[in-house]
Each structure stands twice: as structure tokens, then as C-alpha cells.
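The chain contents come next:
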Amino acid sequence: MKTEVHRRPFGTMESPRFVVLLSCMNGAILLGRHEGRDTWETQGGHIEPGETPEQAARRELYEECGAVKYTLTPLFDYWVGLESSSGCAFAAQIEQLGALPPFELSLIHISEPTRHLRIS
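Everything numeric here is computed off the predicted structure, so don't read it as measured data.

In this section: the nonpolar core. Counting 16 residues, the largest nonpolar core has Leu-21, Leu-61, Leu-72, Phe-90 and Ile-94 as its most contacted members. Excluding anything up to four places from it in sequence, Leu-21 contacts Thr-42, Gln-43, Gly-44, Ala-57, Glu-60, Leu-61, Leu-72, Phe-90 and Ala-92.

Below you can see the structure in the form of C-alpha cells.
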């Protein structure tokens, strides 16, 4: 079964439900591993009631990797399959990590730096 992903200009989705982040630090992609799974994942999650997508992205960055100093750039809105699975994508250029908060992640991993990935 093929899953289609659609995108729109940032801020045009009426009621986004999720945020997804592509986070880089020192030219490398930052991934986290949820304590209940064996997969490495980018940061992201549900937008809580009363939160804007940007507020949710900032909260998820802190909760899922301990980011304390970073630049956040909106990328696009998206939906997968039905529009009820919609969200906003952001890029994060992380300058400093603090301690990993005691939430759902057990480890973070910074990939090898790449010259081919640039977030601006």
C-alpha cells in the first residue's frame, strides 16, 4: 500500500496536529531513540491544545534532545494520507544541548557530519 505525503506552504494548513523536526548540530543530523522502541527518530510530536506549531516544536526539541540554544526555521505544512494526519515541518540548527530531560527518550545520537546537508 502506497502512502502519499503532500505538502503546502508553511502556515496554510488549517488545523495541524503534529510537528516534525530535522535537527542538525555541527553539520550532523541529531536522532533520538525512544525508550520503548529500537528505532532512531527525528524529533517531533503532537501539538498540545493551546500551542502554536512553533511552541510545540520548541517543546519537543527540549523534551526529545535537551536542546537549549538553537535556531528554528519553518519549512512547510504536510499531510499524510488523510488531512487529519497533518502537521508542520521545521529545521533546527542546534548550537547547545543541555541534559537529556527525563521524558520518553533514552539516548540521542549525532550522525557523522555531512557536507551535503545544509539547513538555512
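Let us look at the packing of aromatic side chains. Throughout the structure, instances matching the rule amount to one aromatic pair. Over the aromatic face of Phe-76 sits the side chain of Arg-7, whose NZ or CZ is 5.3 Å from the ring centroid.

A few words now on the confidence of the model for the chain. Low pLDDT means the predicted atomic positions in that stretch should not be read closely. The predicted model of the chain has a mean per-residue pLDDT of 83, with 81% of residues at 70 or higher. Predicted confidence is poor over residues 116–120, with pLDDT under 50, and the contacts of this stretch with residues over four places away or in other chains come to nine contacts.

If you trace the backbone, Asp-77 turns up in strand E6 (residues 67–80). At 6.6 Å, Arg-8 is the nearest oppositely charged side chain to Asp-77, a buried residue that forms no salt bridge. Among the polar contacts made by the side chain of Asp-77, one reaches the main-chain amide nitrogen of Thr-12 at a distance of 2.8 Å. If we skip the residues at most four places from it in the chain, Asp-77 touches His-6, Arg-7, Arg-8, Pro-9, Phe-10, Gly-11, Thr-12, Met-13, Gly-87 and Cys-88.

Looking now at the pattern of salt bridges. Scanning all chains against the criterion turns up six salt bridges. For Arg-59, the salt bridge goes to Glu-60, with nearest N and O atoms at 3.1 Å. The burial state of Arg-59 is the same as that of Glu-60; both residues are buried. Glu-95 is the salt-bridge partner of Lys-69, the closest N and O atoms lying 3.7 Å from each other. Of this pair, Lys-69 sits in strand E6 while Glu-95 sits in strand E7 (residues 86–97), and the two are 26 residues apart along the sequence. Among the residues examined, Lys-69 registers a relative accessible area of 44% and is labelled partly exposed.

Bringing the pairing of strand E2 (residues 18–25) into the picture now. In this sheet, strand E5 (residues 44–46) lies alongside E2 in antiparallel orientation, the contact comprising three bridges. Paired with Val-19 across the bridge in E5 is Gly-45. The sheet contact formed by E2 and E7 spans seven bridges and is parallel. Bridge assignment links Leu-21 to a residue of E7, and that residue is Phe-90.

The rules behind each value
Sequence order as written defines residue numbering, which begins from 1 separately in each chain. The model is predicted, so local features are restricted to residues of pLDDT at least 70 and side-chain atom pairs to those at 80 or more, both for listing and for counting; the totals for chains, interfaces and linings are taken over all residues. Side-chain measures were taken over the full set of non-hydrogen atoms in the model, leaving aside hydrogen atoms and water. Only buried residues count toward a nonpolar core. Its members are Ala, Val, Leu, Ile, Met, Phe, Trp, Tyr and Cys residues joined through side-chain atoms within 4.5 Å. Three exposure classes are used, based on accessible area relative to the maximum for each residue type with a 1.4 Å probe and protein chains only: buried under 20%, partly exposed in between, and exposed over 50%. Here a residue-residue contact requires only that any non-hydrogen atoms of the pair lie within 4.5 Å. The pairing test for Phe, Tyr and Trp rings, Trp by its six-membered ring, is centres within 6.5 Å, and the orientation test on the planes gives stacked under 30 degrees, edge-to-face over 60, and tilted for anything in between. Ring-over charges, as used throughout, are those where CZ of Arg or NZ of Lys falls within 6 Å of the ring centre and within 35 degrees of the ring normal. Confidence of the predictor at the level of single residues is captured by pLDDT, which takes values from 0 to 100. Helix and strand definitions follow DSSP, with helices as H or I runs of at least four residues and strands as E runs of at least two, each counted in order from the N terminus. When charges are counted, neither His nor the chain ends are considered; positive counts come from Lys and Arg and negative counts from Asp and Glu. The salt bridge criterion pairs a side-chain nitrogen of Lys or Arg with a carboxyl oxygen of Asp or Glu, the two atoms within 4 Å. Polar contacts, as counted here, are pairs of nitrogen or oxygen atoms within 3.5 Å of one another; within protein the pair requires one atom able to donate a hydrogen and one able to accept it, and residues that are adjacent in sequence qualify only if both atoms are side-chain atoms. Strand pairing requires that DSSP identify at least two bridges connecting the strands.

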